[in-house]
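A look at the structure
Here are the chains, one letter per residue:
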Amino acid sequence: MKRPVGAEKKRVKRSSGSASTAARDSGSDAPPRKKAVKKDLFQLYAEKVRDHKGLESRWAVMEQARVEYFRGKDFVSFVKNHPECKEILEEDKDLDTEDIANVLLEKNLLVRCDRVTKTLRPGKKKLSTWPAHLEIFRDDQAFSENDAFFAWTFEKRHPLWQTLLSFFWPVLTLAICLFPVYPHRCKLIVLYSCAGILLMILSLLFVRAVAFGAMWILLGKRVWFFPNILAEEATLKELFRFWPKKDEEEPPKWTSRLFYTVVAVVVVMLLRRHAPDEAARARYQRRMSNIIDDVLEWSPKLALSGLMENQPPVNITEAANNSSDAAGPEHTEEADLVDETQGEEEAEDWTNSDIKT
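Residues numbered from 1 in each chain as written. Predicted model: local features only at pLDDT ≥ 70, side-chain atom pairs only at ≥ 80, totals over all residues. Heavy atoms only, no water.

Along its length, the protein chain carries 12 helices and 5 strands. With an accessible surface of roughly 28600 Å², the protein chain has 61% of that area assigned to carbon and sulfur atoms. (Helix = DSSP H or I, 4+ residues; strand = E, 2+ residues; numbered from the N terminus. Areas by Shrake-Rupley, 256 points an atom, 1.4 Å probe, with all protein chains shown as cover.)

Pasting the structure below:
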């Protein structure tokens, strides 16, 4: 018995509808698509704070590694004076300073440190403000602003100028190696520029040492002008800071000041007595000028011409001997016969002369 065509069409429609509803139900149970991975806001905040110049930091050695660290009280003042940095936290921008620091500690962006030396050194009134050696704080890793230090644990991003400088150093090294082949004018510019910079640095260090010694002997104060001029890690602003730091050490004893005064006077007298005279100074100046002239006037052409001039002259007798040696044994035998005949003729001449006499 044949079924009607309309019933088959209705059944097909019904089955297709049930399949679509099943697919819709199964799609509701499927896991949602993964969203784009978003960088941690606290990581961005930590990078921004570390690159900011408002937070004072130093470098120290912690477990045989150099770390950059800051003090807890400086972090509190930084967050208070720069609230715009918290805008990057979006929903968490209303958190307190302590809560933000604790989140950074939980995410291992910071680690609390403690000073290695906890006792006063002889002659010190208090512990160092910025210790050079740190260790990990063994107790609770929580934020505190009372004599607490915190070190960054992530690698700092290098600015563009440092990347360009890393490519510039090999070029500078190659240029230094090629200094002998520079034109004479370029050699003069490089020489006098480097000599001027070196003289300025040495003069600055000398005046700085003289000022320190004079104020230490006369007033008993330790005053270092340009205190960061010899610092290993310092920004450009800190490097050329003129005014010295506050002296936190005890004043020196008058006996030590008197002793170094006598030493300074004796050294000055010895230098004046054994100073070179005018003739010696002129001789030293002439010698140094000759060395500088040799360096400036050197060129590959002069080097090649000097090699040609320094070749030893050819000895004619040695060349003749060499040519006779190269002629072979036949030539040597003929030469021996000639020598024998010449010897016999000379002997006959001598005998004839004896008979006549």
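Here the narrative resumes, following the displayed structure.
Glancing now at a positive patch on the surface. Together, K73, K125, K126, K221 and K246 make up a region of like positive charge exposed at the surface. Here K125 lies in the loop between β3 (110–115) and β4 (133–136). (Patch = residues over 30% accessible without salt bridge, like charges linked within 9 Å, V, L, I, M, F, W, Y side chains within 5 Å. Salt bridge = Lys/Arg side-chain N within 4 Å of Asp/Glu carboxyl O. Lys, Arg positive; Asp, Glu negative; His and termini not counted. Charge placed at Lys NZ, Arg CZ, Asp CG, Glu CD.)

Attention now moves to the nonpolar core. Core analysis: the largest hydrophobic core is formed by 24 residues, its most contacted members being Y45, F75, L104 and W152. Those elements that provide at least two residues to this core are α2 (41–51), α3 (72–81), α4 (97–106) and β5 (149–152). With near-sequence residues (within four places) excluded, Y45 lies in contact with F75, V79, C85, K86, I88, L89, I100 and L104. Grouped together as the second largest cluster of nonpolar side chains are 10 residues, V67, Y69, W130 and A151 included. (Core = buried A, V, L, I, M, F, W, Y, C linked by side-chain atoms within 4.5 Å. Buried < 20%, exposed > 50% of the residue type's maximum accessible area, 1.4 Å probe, protein only. Contact = heavy atoms within 4.5 Å.)

With respect to the helices and strands, the residue R112 is situated in strand β3. Of note is the side chain of R112, whose polar atom sits 3.0 Å from the backbone oxygen of A142. (Polar contact = N/O pair within 3.5 Å; in protein donor to acceptor, adjacent residues only side chain to side chain.)

The topology assignment puts K126 in the loop between β3 and β4. Accessibility expressed as a relative area gives 48% for K126, which makes it partly exposed. Separated by 123 residues in sequence, K126 and E249 have C-alpha atoms that sit 8.5 Å apart.

To continue, consider the layout of surface pockets. Size it by volume and the second largest pocket reaches roughly 260 Å³. Around the second largest pocket sit F206, A209, V210, F212, G213, W216, I217, W224, Y260, A264, V265 and V268, which together line it. At the level of elements, α6 (184–218) and α8 (254–273) are the ones that each hand at least two residues to the lining of the second largest pocket. Here the lining of the second largest pocket is composed, by residue class, of 11 nonpolar, 1 polar and no charged. (1 Å grid on protein atoms, 1.4 Å probe; cavity = no way out; pocket = protein on both sides within 12 Å on 5 of 7 lines; lining within 4 Å. Points joined across faces, edges and corners; volume = space filled by probe spheres on them. Nonpolar A, V, L, I, M, F, W, Y, C, P; charged D, E, K, R; others polar.)

With that settled, the discussion passes to the confidence of the model for the protein chain. Close inspection of predicted coordinates is inappropriate for parts of the model with low pLDDT. For the protein chain, the average pLDDT comes to 76, and 71% of its residues sit at 70 or higher. Here helix α1 (residues 5–29) stands out as the element of the protein chain with the lowest mean pLDDT, 44, in contrast to β5, whose mean of 94 is the highest. Note that residues 1–37 has pLDDT below 50 and, in this model, 2 contacts with residues that lie over four places away or in other chains. (pLDDT = per-residue confidence, 0-100.)

As a further point, take the sheet that holds strand β2 (residues 66–71). Sheet strands pair by backbone hydrogen bonding; their relative direction is either parallel or antiparallel. Here 5 strands make up a closed barrel; going around it, the order is β1-β2-β5-β3-β4 and the pairing mixed. The mean inter-strand angle of the sheet, taken between neighbouring strand axes irrespective of direction, is 55 degrees. Its contacts with the sheet put α3 on β2 and β5, and the angle it makes with β2 is roughly 65 degrees. (Pairing = 2+ DSSP bridges. Axes fitted to C-alpha atoms, helices over the stretch in contact; angles between N-to-C directions.)

Let's shift gears to the packing of aromatic side chains. The description of an aromatic ring pair rests on the distance of the ring centres and on the angle between the ring planes. Taken as a whole and assessed by the stated rule, the structure comprises 12 aromatic pairs. Each ring, one from F75 and one from F143, has its centre 5.9 Å from the other, and the planes form 65 degrees; the classification is edge-to-face. With a gap of 68 residues between them, F75 in helix α3 and F143 in the loop between β4 and β5 connect regions that are remote in the sequence. Of the two residues, F75 and F143, both sit in the buried class. With 5.6 Å between their ring centres and 70 degrees between their planes, F179 and Y182 make a pair best called edge-to-face. Among the aromatic side chains, those forming a connected cluster through ring pairs are F70, F75, F143, F150, W152 and F154. Above the plane of the ring of F154 lies R50, whose end atom (NZ or CZ) is 5.2 Å from the centre. We note R112 situated over the ring of F137; from NZ or CZ to the ring centre the distance is 4.0 Å. (Phe/Tyr/Trp six-rings, centres within 6.5 Å; stacked < 30°, edge-to-face > 60°. Lys NZ or Arg CZ within 6 Å of the ring centre and 35° of its normal.)

This part covers a nonpolar patch on the surface. Side chains of W161, L165, F168, W169 and V171 sit close together on the surface and give an oily, nonpolar patch of about 540 Å² of accessible area. As for its position among the elements, W161 is in helix α5 (residues 160–177).

Next up on the list: the pairing of β3. Of all 6 residues that make up β3, 6 are buried, and the element is covered over most of its length. Here β3 shows no split at all, with L110, R112 and D114 on one side and V111, C113 and R115 on the other all buried. In terms of strand pairing, β3 meets β5 through 4 bridges, oriented antiparallel. By the bridge assignment, V111 is partnered in β5 with A151. As paired elements, β3 and β4 share 3 bridges and run antiparallel to each other. Note on β4: the bridge partner recorded for D114 is E135.

Tracing the chain through its elements places L205 in helix α6. Taking the C-alpha atoms as reference points, L205 and F226, separated by 21 residues in sequence, lie 9.3 Å from one another. Those residues in contact with L205 that lie beyond four places of it in its chain are I229 and L230.

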